[in-house]
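Structure assessment
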Amino acid sequence: MIAAEDQRTRELLARLAPYARGLLERGARLALTLHADEFGPEHLLCALMDDEDCGAHRLALHAFADPPTISGEALSLAAGIMISGSSAALPFSTLGVQALRRARADAARRQSTAVEISHLVLASFDELEPAVREQLSDSGWSRAALEALATRAGPAARSVEDQGALFRSFSEDAKRLLSAAGKLARQHEHAAISPGHLLLASLTWDQTLERAAGLPPSRVRMALRGRLDDRTPAPERPLPLDESAEAFLARLAPGATSVALLAGFHAGLTPELAQVLNRHKLTPALFERAGASFADP
């Protein structure tokens, strides 16, 4: 999944031992799940801490560190489409991201000054399963009233552009709504924020939208029971290395293992990740003392 079309990237990947190369690909799969445009060192650290068999994970346990906690901290620093809270970072699901992009496109089409919650409600509904949409429509869902609210959000002298950083054009209310949807997903112990989470959080957040929709959140919640969790796979695509990842790999000695990768975060190119490791007692001194004892499978 790492885009290796140029000679430079192929040479960098060749520095890795076979198992470490597999961990890099595992990090790339995570980056795809997060809807990142590039692969970065943060995705790699998550992969190292999530693989219980690799030497880096076992070294972390030897140091009485908690690999899932380290992975969560690295995730909050990683590139991707996520909501980062005090407890953890949570990505949007594949259909959740489609809902966000649909909402921005709708706001741009209406020449609105920002992406508002009304745009998110309409977009989230459109990304639900057809059977759920039909059930809600039969129960009284009112698209016309919601369309009127969304249209009221524009036009403006400076309207939304359907390009660039996704959240840049979202209003403050819409951003707070995204955080509420993330909280809802965590409450249900779901791995990503889905269109259902966005829809439920929107109607709960704003009573004006609830009245316009013609349905109370309780009825929407009933229709979504067992269907909130979106596990649609992220589209497959080759991911290029970002500049930091390219420089990181270039510093490695040939035959680098997972422990060598973990030690590489202390090489000065990834200061934030080095701080994460230091907080968990994964220091350069530890690697010098015990690193060779933890081989990969």
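Residues numbered from 1 in each chain as written. Predicted model: local features only at pLDDT ≥ 70, side-chain atom pairs only at ≥ 80, totals over all residues. Heavy atoms only, no water.

**Considerations on the overall build of the protein chain**
Tallying secondary structure elements over the protein chain gives 17 helices and two strands in all. The burial tally for the protein chain puts 50% of its 297 residues in the buried class. Roughly 14100 Å² of accessible area belongs to the protein chain as shown, and the carbon and sulfur atoms make up 49% of that amount. One way to put it: in the protein chain the 32 positive side-chain charges average out to a point 4 Å from where the 37 negative ones average out. (Helix = DSSP H or I, 4+ residues; strand = E, 2+ residues; numbered from the N terminus. Buried < 20%, exposed > 50% of the residue type's maximum accessible area, 1.4 Å probe, protein only. Areas by Shrake-Rupley, 256 points an atom, 1.4 Å probe, with all protein chains shown as cover. Lys, Arg positive; Asp, Glu negative; His and termini not counted. Charge placed at Lys NZ, Arg CZ, Asp CG, Glu CD.)

**Some details on unusual backbone geometry**
A positive phi is found at Phe64, a non-glycine position, where the angle reads about 60°. Within the secondary structure, Phe64 is located in the loop between helix H4 (55-62) and helix H5 (67-77). Overall, Phe64 belongs to the exposed group, its relative accessible area being 78%. You will see that Glu189, though not glycine, has its phi angle at about 60°, which is positive. Tracing the backbone shows Glu189 in the loop between helix H10 (172-187) and helix H11 (195-205). Judged by relative accessible area, which is 75%, Glu189 ranks as exposed.

**Topic: the nonpolar core**
Counting residues in hydrophobic clusters, the biggest one holds 47 residues, and the most contacted among them are Phe92, Leu100, Leu136, Trp141, Leu178 and Leu198. Setting aside anything within four residues of it in sequence, one finds Leu136 in contact with Phe125, Leu128, Trp141, Leu199, Leu215, Arg219, Val220 and Ala223. Judged by nonpolar contacts, the second largest core, of 45 residues, contains Phe39, Met82, Phe265 and Phe287. (Core = buried A, V, L, I, M, F, W, Y, C linked by side-chain atoms within 4.5 Å. Contact = heavy atoms within 4.5 Å.)

**Some words on the pattern of salt bridges**
Evaluated as defined, the whole model comprises 15 salt bridges. In this structure, the salt-bridge partner of Arg279 is Glu73, at a minimum N-O distance of 2.8 Å. Taken as a pair, Arg279 in helix H16 (residues 271-279) and Glu73 in helix H5 lie far apart in primary sequence, 206 residues in all. Its relative accessible area of 52% is what places Arg279 among the exposed residues. By relative accessible area, which is 22% here, Glu73 ends up partly exposed. Linking Lys175 and Glu172 is a salt bridge whose minimum nitrogen-to-oxygen distance equals 3.8 Å. Of the two residues, Lys175 and Glu172 both sit in helix H10, three residues apart, roughly one turn of that helix. We classify Lys175 as partly exposed; its relative accessible area is 31%. Overlapping salt bridges bring together Arg102, Asp106, Arg109, Arg110, Asp126, Glu127, Arg143 and Glu147 as one network. (Salt bridge = Lys/Arg side-chain N within 4 Å of Asp/Glu carboxyl O.)

**Topic: helix H6 (residues 94-109)**
Here H6 spans 23 Å end to end across 16 residues, near enough to the 22 Å set by a 1.5 Å rise per residue. Within H6, the full set of buried residues consists of Thr94, Gly96, Val97, Ala99, Leu100, Ala103, Arg104, Asp106, Ala107 and Ala108. Tucked inside the fold, the buried residues of H6 contact helix H7 (117-126), H10 and H11. Two residues or fewer past H6, Gln111 is found with a positive phi of approximately 60°. (Expected span 1.5 Å × (residues − 1).)

**Things to note about the packing of aromatic side chains**
Per the stated rule, a full pass over the model turns up four aromatic pairs. Measuring from ring centre to ring centre gives 5.9 Å for Phe92 and Phe167, while their planes differ by 50°; the resulting arrangement is tilted. Separated by 75 residues along the polypeptide, Phe92 in the loop between strand S2 (89-91) and H6 and Phe167 in the loop between helix H9 (143-152) and H10 bring together distant segments of the chain. Using a relative accessible area of 22% as the deciding quantity, one classes Phe167 as partly exposed. Here Phe248 and Phe265 contribute two aromatic rings whose centre-to-centre distance is 4.8 Å and whose plane-to-plane angle is 35°, an arrangement assigned as tilted. Taken together, the positions of Phe248 in helix H14 (residues 243-250) and Phe265 in the loop between helix H15 (258-264) and H16 put the pair 17 residues apart, joining distant regions of the chain. (Phe/Tyr/Trp six-rings, centres within 6.5 Å; stacked < 30°, edge-to-face > 60°.)

**Observations regarding the confidence of the model for the protein chain**
Per-residue pLDDT for the protein chain has a mean of 92; in total, 97% of the residues score no lower than 70. Taken element by element, the predicted model of the protein chain shows its lowest mean pLDDT in H9 (80) and its highest in helix H3 (residues 41-50) (98). (pLDDT = per-residue confidence, 0-100.)

**Re the state of the cysteines**
Under the defined criterion, the tally for this structure stands at zero disulfides. Cys54 forms no disulfide, and the closest cysteine sulfur to it belongs to Cys46, at a distance of 12 Å. (Disulfide = S-S within 2.5 Å.)

**A few points about the packing of helix H2 (residues 18-33) against H3**
It is at 8 Å that the axes of H2 and H3 come closest, and there the two elements cross at 115°. In this view, H2 runs roughly perpendicular relative to H3, as classed from their interaxial angle. Here H2 runs over H3; the crossing is right-handed. Here Leu23, Leu24, Arg26, Gly27, Leu30 and Ala31 of H2 come into contact with H3, specifically with His43, Leu44, Cys46, Ala47, Leu48 and Asp50. Grouping the constituent residues of the contact of H2 with H3 by class yields eight nonpolar, two polar and two charged. (Axes fitted to C-alpha atoms, helices over the stretch in contact; angles between N-to-C directions. Parallel < 35°, antiparallel > 145°, perpendicular 65-115°, else oblique. Left-handed = near helix turned anticlockwise from the far one by under 90°. Nonpolar A, V, L, I, M, F, W, Y, C, P; charged D, E, K, R; others polar.)

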